[in-house]
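Structure at a glance
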Amino acid sequence: MQDILKRILFSFVFIGMLVSVLVAVKYSIPQYRTWQENRALRAQLQTQVDAQRQSISTLRRKVDRFYSSRWFVEQLARANHRVAENEIVFVFD
C-alpha cells in the first residue's frame, strides 16, 4: 500500500514539476523576444541621444564663441552676408 502511495505521490510531483517547467518556458519565450526588441530599440534611441548631445555640444561651443570672440562674430556676420567686405563690424558689449 505504501509503495503505491509513494508512486502516486512521485507521479504527482513529477507531473507538477513538468507542467510548471512547460508553463514557464511557454511564457518566457515571448518575454525574451520582447526583451530583445526593446534592447535593440534602446540601442537605436541611445544612438540618437548621443547624436543630439553632440549637436548640443557643438551649439554650446558656438554660443560661447559668439559671446567671447569678436572675431567669430565678424566672421559669422560676413559668412551670412550681413556685412559687406568693405564695411566695419562693431560689436557692443
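Below you will find a few notes about this structure.

What counts as what
Residues numbered from 1 in each chain as written. Predicted model: local features only at pLDDT ≥ 70, side-chain atom pairs only at ≥ 80, totals over all residues. Heavy atoms only, no water. Helix = DSSP H or I, 4+ residues; strand = E, 2+ residues; numbered from the N terminus. Rg over C-alpha atoms; globule rule 2.2 N^0.38 Å. Buried < 20%, exposed > 50% of the residue type's maximum accessible area, 1.4 Å probe, protein only. Areas by Shrake-Rupley, 256 points an atom, 1.4 Å probe, with all protein chains shown as cover. Lys, Arg positive; Asp, Glu negative; His and termini not counted. Charge placed at Lys NZ, Arg CZ, Asp CG, Glu CD. Polar contact = N/O pair within 3.5 Å; in protein donor to acceptor, adjacent residues only side chain to side chain.

What to know about the overall build of the protein chain
Check the secondary structure of the protein chain and you find 2 helices and 0 strands. On C-alpha atoms alone, the protein chain measures out to a radius of gyration of 35 Å, which is more than a quarter above the 12 Å that the 2.2 N^0.38 rule sets for 93 residues. For the protein chain, the spread of C-alpha atoms along the three principal axes comes to 110 × 20 × 10 Å. Here the protein chain holds 93 residues, and the buried ones make up 5% of them. As presented, the protein chain carries roughly 9100 Å² of accessible surface, and 62% of it is formed by carbon and sulfur atoms. Positive and negative charge centroids in the protein chain, built from 14 and 8 side chains respectively, lie 14 Å apart.

Some words on the side chain of Arg-78
With respect to the secondary-structure elements, Arg-78 resides in helix H2 (residues 70-79). At 2.9 Å, the side chain of Arg-78 and the backbone oxygen of Glu-87 are in polar contact.

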